[in-house]
Amino acid sequence: MKEEKKNIKQKIEEVGKSFKKFALKGSMLEIAIGMMIGSAVSAVVSSLIKDIINPPLAKILSGVDFSHRYFVLGKNNFESLEAAQASGAVVFTYGNFINAVISFLITAFVLFCIVSWVGKLNKKEEKKEVSKTKKCPFCKSDIDKSATRCAFCTSELKKQITFLNEKQL
Ligand SMILES: [Zn+2]
């Protein structure tokens, strides 16, 4: 009985360890953060459409709420969308579809802005990292910046060449 308990405890610890390994992987964390940002962005965008964009649009479109725009297949006229749907008629709620398309376009644009912004930040960071190597002007190999003789082609590197190299960087 005691040994069984020990075994179970060991197994739980093993599972915990492997889960920790899995969860602490950098890519997992990045995916989780990405999903959180994605859902936050989509919440903001859907609010933008519902609360900011649609009201004036509804005013322009003769006071009809955009999300309640629909088209019924056939000649029957229904008092409301609910009545049409309840009767089992084929109802195209194209207003909802247009909303979805607009929300997709805005979400894609916002995500594009975020991605390009992060890309720019990364580029700046890369530039800050000063290169420790230079190119040998004779054989084009990467050699240490302070080298006075190339390790590959044994050419002597004069100060003038070093200066030119630094200017090129
Ligand atoms: Zn060389």
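Reading the values: the criteria
- Residue numbers run consecutively from 1 along every chain, following the written order of its sequence.
- The predicted origin of the model limits local features to residues at a pLDDT of at least 70 and limits the giving and counting of side-chain atom pairs to 80 or more, whereas totals for whole chains, interfaces and linings rest on all residues.
- A run of H or I in DSSP counts as a helix once it spans at least four residues, and a run of E counts as a strand once it spans at least two, with each numbered from the N terminus.
- Put plainly, a residue is buried at 20 or more neighbouring C-beta atoms within 10 Å of its own, exposed at 12 or fewer, and partly exposed in between, counting only other residues' C-beta atoms, which are placed from the backbone.
- Residue pairs are scored as contacts if the distance between their C-beta atoms, which are placed from the backbone, is within 7 Å.
- Here the expected length of a helix is defined as 1.5 Å per residue gap, with one fewer gap than residues.
- What pLDDT expresses is the predictor's confidence in each residue, scored from 0 to 100.

So, about the overall build of the chain. Scanning the chain from N- to C-terminus turns up five helices and four strands. When the helices and strands of the chain are listed from N to C terminus, the series reads α-α-β-α-β-α-β-β-α. With 169 residues in all, the chain has 4% of them scored as buried. Of the contacts formed within the chain by residues at least 6 apart in sequence, a portion of 34% connects residues at least 24 apart.

A few words now on the environment of Val-45. Along the chain, Val-45 turns up in helix α2 (residues 26-60). On the basis of neighbour counts, which here come to 21 C-beta atoms within 10 Å, the residue Val-45 falls in the buried class. Excluding its chain neighbours within four sequence positions, the residues that come into contact with Val-45 are Ser-103, Ile-106, Thr-107 and Val-110.

Here helix α4 (residues 94-128) is 35 residues long and its end C-alpha atoms lie 51 Å apart, about the 51 Å a rise of 1.5 Å per residue gives. For α4, the buried fraction is low: one of the 35 residues fall into the buried class.

With a phi angle near 65°, Lys-140 is a residue other than glycine that sits in the positive phi range. Tracing the sequence through the fold places Lys-140 in the loop between β3 (133-135) and β4 (142-144). For Lys-140, a count of 10 C-beta atoms within 10 Å gives the class exposed. With a phi angle near 55°, Thr-154 is a residue other than glycine that sits in the positive phi range. Inspection of the secondary structure puts Thr-154 in the loop between β4 and α5 (159-168). Overall, the presence of 10 C-beta atoms within 10 Å leaves Thr-154 in the exposed class.

This next bit is on the confidence of the model for the chain. Here the chain averages 79 in pLDDT, and 86% of its residues register 70 or above. For the chain, the element scoring lowest by mean pLDDT is α5, at 50; β4 scores highest, at 88.

Note that Val-44 resides in helix α2. You can call Val-44 partly exposed: it has 13 C-beta atoms within 10 Å. Along the backbone, Val-44 and Ser-103 are 59 residues apart, and their C-alpha atoms lie at a distance of 10.0 Å.

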